[in-house]
Amino acid sequence: MEGPALQATVARCAGTGALTASAAIHGEAGSRIGRLEGIAVHPGHRSAGLAAALTEALCAGMLDTGRLDSVYATVRTVSAGPQRVVARNGFRPLGILPNAVDLSTRESLALYARHSTGVLDRRIPVTAPALLVLLLRTAESALGIGWPWGPRRRPGACSRRPLRTGPSNGWR
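Residues numbered from 1 in each chain as written. Predicted model: local features only at pLDDT ≥ 70, side-chain atom pairs only at ≥ 80, totals over all residues. Heavy atoms only, no water.

(A) View of the nonpolar core. By size, the foremost hydrophobic cluster in this structure holds 21 residues, and its most contacted members are Ile25, Leu36, Leu68, Val71, Val86, Phe91 and Tyr112. At the level of elements, β3 (19-27), β4 (33-41), α1 (50-64), β5 (70-76), α2 (80-88) and β7 (106-115) are the ones that each hand at least two residues to this core. Tallying contributions element by element places α1 first for this core, with 6 residues. Those residues in contact with Leu68, other than ones at most four positions away along the chain, are Ile25, Arg32, Ile33, Gly34, Met62, Leu63 and Ser116. (Core = buried A, V, L, I, M, F, W, Y, C linked by side-chain atoms within 4.5 Å. Buried < 20%, exposed > 50% of the residue type's maximum accessible area, 1.4 Å probe, protein only. Helix = DSSP H or I, 4+ residues; strand = E, 2+ residues; numbered from the N terminus. Contact = heavy atoms within 4.5 Å.)

(B) Spatial organisation of the layout of surface pockets. Volume-wise, the largest pocket comes out at about 850 Å³. Forming the walls of the largest pocket are 28 residues, and the residues nearest its centre are Ile39, Ala51, Gly81, Pro82 and Val85. Elements represented by at least two residues in the lining of the largest pocket include exactly β4, α1, β5 and α2. With 7 residues, the single largest contributor to the lining of the largest pocket is β4. The residue makeup of the lining of the largest pocket, split by class, is 15 nonpolar, 7 polar and 6 charged. (1 Å grid on protein atoms, 1.4 Å probe; cavity = no way out; pocket = protein on both sides within 12 Å on 5 of 7 lines; lining within 4 Å. Points joined across faces, edges and corners; volume = space filled by probe spheres on them. Nonpolar A, V, L, I, M, F, W, Y, C, P; charged D, E, K, R; others polar.)

This is the structure in structure tokens:
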């Protein structure tokens, strides 16, 4: 299934044609970002790389073709499997969303993102509220994201540009 803001795919058993896995990226209207969602693998077919293969195929179809600039995913923190899938497919950890979903108990989610090649280098400098600058510098220090005003310069990271701070009521 495919559309301007949606790409979904499934895997089927070669012998029976039975559905074995599914995943989708759903683009957000009016933006260049999408959410990786609906990753499910039949229990009898787990640990065969299906989730990783579907994730990579979807990301290639949305990021490598220029349809989206970034894809994010939220994954359960109680199981390492989903986190491994996104991390092995180029997603970077961005943080934790505590008590985000109500399953059998309140459960936290991990937030990950993957960007198309060069999108971070094409960011346009913005005037950021002083309090937000502190948060972004902390995120860079913890995650090594390479914000333009950050203390480190990594290959492929954004070039250094002076940080402009503005009123704390929002972006300018």
